[in-house]
Amino acid sequence: MKKIFLSALCLLALQANAQSVIAVVYDGNTATVDIPTDVTDVTYTIDGADVTINSATTSQEYQYTLSGSSSNGSFTLNGSYKLTLELAGLNLTCQSTKKPAIDIECGKRIAVQLKKGTTNTVVDAANGKQKAAIYFTGHPEFGKSGVLNVTGNTKHAISAKEYFQIKGSCVINVLGAVSDGIHCGKASIDGPASEHNYFLCDGGTINVSNVGGDCIDADDYGCMTITDGTLNLNVTADDVKALSCDHTFSMTGGNVNINITGNDCDGISNYGGATFSGGDLNIFAAGNGSKGIKCKVRDGSDGKDPIVSSTAGCAIFNGASVEVVACGFNYNTSADFAVPACVSIENGGKMTMTDGDVTLRTAGPDAKDIRLEDSKCTKSLEGGTLLCCSEVALDVPASGWTTMYLGIPVAIPDGVNVYYAKGIDGNTAQLKQIQGVVPAGTPVLVKAAAGKVHFNYPVENVLSPSNMVAPSPIEDNLFEGVMFNTPVAEQEVNVLSPATTANSIVFKALDGETIAWRTAYLPTEALAGADINNVQFVVESPTGINDISVNNTDKSGIRYNVAGQRVGNDYKGIVIIDGVKVIQ
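Within each chain, residue numbers correspond to sequence positions counted from 1 in written order. Reporting of local features is limited, given that this is a predicted model, to residues whose pLDDT is at least 70; pairs of side-chain atoms are given and counted only at 80 or more, and all residues count toward the totals for whole chains, interfaces and linings. Side-chain numbers come from the whole structure's heavy atoms, not from hydrogens or water.

Looking at the overall build of the protein
Runs of E in the DSSP output that reach at least two residues are strands. Runs of H or I that reach at least four are helices, and both are numbered from the N terminus. Per the secondary structure count, the protein includes one helix and 50 strands. Exposure categories follow from relative accessible area, calculated using a 1.4 Å probe and restricted to protein chains: below 20% of the type maximum is buried, above 50% is exposed, and the middle band is partly exposed. Looking at the protein residue by residue over its 584 residues, the buried ones come to 53%. Restricting to contacts in the protein with at least 6 residues of sequence separation, those with at least 24 account for 73%. Element-wise, carbon and sulfur atoms account for 47% of the exposed surface of the protein, whose accessible area totals about 25000 Å². Every residue pair with non-hydrogen atoms within 4.5 Å of one another is taken to be in contact. With residues, only the protein chains shown are counted as cover, and all accessible areas are computed by Shrake-Rupley using a 1.4 Å probe.

Regarding the nonpolar core
For this analysis, a nonpolar core means a set of buried residues of the types Ala, Val, Leu, Ile, Met, Phe, Trp, Tyr and Cys, connected via side-chain atoms within 4.5 Å. In this structure, Phe75, Ile102 and Leu243 are the most contacted members of the largest nonpolar core, which totals 90 residues. Residues within four places of Ile102 in sequence aside, it is in contact with Leu66, Phe75, Leu85, Leu87, Leu90, Leu92, Val122, Ala133, Ile134 and Tyr135. Core analysis: the second largest hydrophobic core is formed by 25 residues, Val392, Leu394, Ile408 and Tyr420 among them.

Overview of the confidence of the model for the protein
Per-residue confidence for the protein averages 83 on the pLDDT scale, and 81% of its residues sit at or above 70. Counting interchain partners and residues more than four positions distant, the pLDDT-below-50 stretch residues 330–339 has 24 contacts. The quantity known as pLDDT measures the predictor's confidence residue by residue, on a range of 0 to 100. Low pLDDT (under 50) marks residues 561–565, which in the prediction has twelve contacts with non-local residues, meaning those over four places away or in another chain.

As for unusual backbone geometry
Although it is not a glycine, Tyr221 sits at a positive phi angle of roughly 70°. Along the chain, the position of Tyr221 falls in the loop between strand 19 (216–218) and strand 20 (223–235). Classification of Tyr221 as buried rests on a relative accessible area of 12%.

Quick word on empty space enclosed by the protein
Rolled over the atoms, a probe as big as a water molecule pinpoints where empty space is left. In this analysis the probe radius is 1.4 Å and the grid spacing 1 Å, with only protein atoms considered; a cavity is a set of points the probe fits into but cannot get out of, a pocket is an open set with protein on both sides within 12 Å along at least five of seven lines, and lining residues have an atom within 4 Å of a point. Grid points are joined across faces, edges and corners, and a volume is the space filled by probe spheres set on the points. In this structure the tally under the stated criterion is one cavity of 30 Å³ or more. Considered as a void within the structure, the largest cavity measures approximately 60 Å³ in volume. As for the largest cavity, its lining consists of Ser55, Thr57, Gln60, Tyr62, Tyr64, Leu77, Gly79, Ser80, Tyr81, Lys82 and Leu83. Just so you know the grouping, Ala, Val, Leu, Ile, Met, Phe, Trp, Tyr, Cys and Pro go in nonpolar, Asp, Glu, Lys and Arg go in charged, and all remaining residues, Gly too, go in polar. When its residues are assigned to classes, the lining of the largest cavity shows five nonpolar, five polar and one charged.

Structural notes on the packing of aromatic side chains
For Phe, Tyr and Trp, rings pair up if their centres lie within 6.5 Å, where Trp contributes its six-membered ring, and each pair is then called stacked (planes under 30 degrees apart), edge-to-face (over 60) or tilted (otherwise). Overall, the coordinates contain nine aromatic pairs when judged by the stated rule. Between the aromatic rings of Trp401 and Tyr419, the centroid separation amounts to 6.1 Å while the plane-to-plane angle is 40°, which identifies the pairing as tilted. Linking Trp401 in strand 33 (residues 401–404) with Tyr419 in strand 35 (residues 417–425), this pair joins segments that are 18 residues apart in sequence. What makes Tyr419 buried here is its relative accessible area of 2%. An aromatic cluster of three or more residues is present, and its members are Phe136, Phe142, Phe164 and Phe199. Lying across the ring of Tyr271, Arg298 places its NZ or CZ 4.5 Å from the centre. Note on geometry: a ring has a charge over it if NZ (lysine) or CZ (arginine) is within 6 Å of the ring centre and within 35 degrees of the ring normal.

A few points about the sheet that holds strand 45 (residues 519–523)
Whether two strands pair comes down to DSSP finding at least two bridges between them. On the basis of which strands lie adjacent, the open sheet formed by four strands has the order 40-45-42-43 and antiparallel pairing. Of all the strands in the sheet, just strand 40 (480–482) and strand 43 (507–509) have a single pairing partner and so form its edges. Taken pair by pair, the neighbouring strands of this sheet meet at an average axis angle of 45°, ignoring direction. For strand 42 (residues 493–496) and strand 45, the ladder comprises two bridges, and the chain directions are antiparallel. Looking at the pairing, Val493 lines up with Pro523 of strand 45. Where helices are involved, their axes are fitted lines through C-alpha atoms of the stretch in contact, as for all axes, and angles between N-to-C directions lie from 0 to 180°.

Describing the environment of Gly267
One can find Gly267 in strand 23 (residues 266–270). C-alpha of Gly267 to C-alpha of Val240: the two residues are 27 residues apart in sequence and 8.8 Å apart in space. When near neighbours in sequence (up to four residues on either side) are disregarded, Gly267 contacts Ala242, Leu243, Ile258, Ile260, Lys291 and Gly292.

Notes on the pairing of strand 3 (residues 42–47)
Alignment of strand 3 against strand 4 (residues 49–55), held across six bridges, turns out to be antiparallel. Looking at strand 4, one finds that Tyr44 is bridged to Ile53. Hairpin connection between strand 3 and strand 4: a loop of one residue separates the two successive antiparallel strands, and Gly48 in this loop has a positive phi of roughly 70°.

Focus: the side chain of Thr359
Residue placement: Thr359 occurs in strand 28 (residues 350–363). For Thr359, a relative accessible area of 15% gives the class buried. Those residues in contact with Thr359 that lie beyond four places of it in its chain are Val322, Glu323, Val324, Leu387 and Cys389.

Overview of the sheet that holds strand 46 (residues 536–539)
Sheet architecture is open: five strands sit in the order 33-38-35-36-46, paired in mixed fashion. For this open sheet the edge positions go to strand 33 and strand 46, each flanked by a neighbour on one side alone. Mean inter-strand twist for the sheet, computed between neighbouring axes without regard to direction, equals 40°. Pairing between strand 36 (residues 428–434) and strand 46: four bridges, direction parallel. Looking across to strand 46, one finds that Leu431 is bridged to Val539.

Quick look at the environment of Gly451
Relative to the elements of secondary structure, Gly451 occurs in strand 39 (residues 451–456). Accessibility expressed as a relative area gives 31% for Gly451, which makes it partly exposed. As for Gly451 and Gly400, which are separated by 51 residues in sequence, their C-alpha atoms are 8.6 Å apart. Here Gly451 is in contact with Leu394, Asp395 and Val396, once residues within four sequence places are set aside.

Considering the pattern of salt bridges
Put simply, a salt bridge is a Lys or Arg side-chain nitrogen that is within 4 Å of an Asp or Glu carboxyl oxygen. According to the stated counting rule, one finds nine salt bridges in the structure shown. Note that Glu61 is salt-bridged to Arg109, the shortest N-O span being 2.9 Å. One end of the pair, Glu61, is in the loop between strand 4 and strand 5 (63–70); the other, Arg109, is in strand 9 (residues 109–114), with 48 residues separating them in the sequence. By the burial criterion, Glu61 is buried, and Arg109 matches it.

Considering the environment of Ser74
Relative to the helices and strands, Ser74 resides in strand 6 (residues 73–78). Between the alpha carbons of Ser74 and Asp124 there is a distance of 8.9 Å; along the sequence they are 50 residues apart. Every residue in contact with Ser74, bar those within four places of it in the chain, is listed here: Tyr26, Ala49, Asp50, Val51, Leu92, Cys94, Lys99, Pro100 and Ala101. Polar contacts, as counted here, are pairs of nitrogen or oxygen atoms within 3.5 Å of one another; within protein the pair requires one atom able to donate a hydrogen and one able to accept it, and residues that are adjacent in sequence qualify only if both atoms are side-chain atoms. A polar contact is formed between the side chain of Ser74 and the side chain of Asp50, at a distance of 2.8 Å.

Here is the structure:
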């Protein structure tokens, strides 16, 4: 009897804590709203596919689940109590220029759940008055394991008036924004003491590209903290930041990958000081006048409220793995760019290193690994490993073949051959050798002895300091590349296979969901219908041999060099085997 009584109490407790689910389903130019009968304090209106919810609850957290598709719809929620917003296979485009596609007018915590196994797409209208495609007056916490693709055609992609948090294993892809990718913050000079004024990454993945403003901005005295998860940020606009916060920046874990090609940009910019205690940080700043990490001081002398912090202007390294590449060659010395040279780390206060591994690779006229703004700035190196150099190390496996993709130009070392794929004819891919310098942003195939190969930035010995103009990317290259670990759909890309040997180059369809950073790959669409398993990679003959007659029914396996002389199996260089040119 006692057991039955306890079970009944547990059941009542579960029922009391269970969320009532309000379902919104979009279907073209219409939408439906389903509210449970026991929910009496929520009402709604529908105008075409524009849905407005009004919640009067002050004690019950409801879940709003959005699904379906509409190219002319929106969702607006007005309320004053915390709630759960679930996106469960939503494809929503708003045509109105007066409101976001999703507008949550609630100043409380919003648990945004991206349902497992679903991909959700949200797009707002261009030239409107809205602040973002997805807007929160409160503080959203993104979680679960689904995917969200969002585009901000008027201003930001996602904006939160207070804090923004991502956790779990969900993925947010900002595909484009006129201004910031993610914008959050609430005006308060309290800085770290402000309860609702920060960007927090506790997990998940955020990919940001094609934005006209900052990738992620914790504005209005906001702080930024990264404990876990992955941030892949691509900066192409001028005078913007990948990660920007008015107050303190802290990284204790996770992976942050930043690629900068815009002029006068910053990878990480802050006023309250930056502390790197754990995780992996990689910054490629190839834009003219850009800085990898910039710690500034705002003391009020510019008329703006000062940022008060004991670490203001300081960069503190005590455990993270950090690599910063700062290398600009097309320098613009006009007044638009006050500092034309690239800098890996710039401090307005003190730089301190007690632990961790920091590698700074800096090149170009007047470029600096570490720049202290004035005589008051100091640096203290008490522990850890600090390496300042102008090279990139590439690991070459036993086969002697690997791929490479960098956002900066690099000189080709002696004894190393670099190729791009010029075209596919039938099942044969032609490889063309690159001489001297690999242009920035050029995915290539590399042949070298096994081990580490060091590619140096081309400085005085390759390019004239007075005319530091990097070679242009090769346009007819079939290879493509990724700067960071990038999620891709299976069967869409083909990567270099471990089955590759010194005599045989083998690509295979990617087995998994992520392609590794700095990797070149062959898109399936570039195969022109050829079977990747049967594609042969051959080097264009430097001696001009164009036609070779072979008996296709008699595969003898006899080897000839490009001069037509028969050679043995131990011959090194370009050989012709049964009419096919290969490198061994």
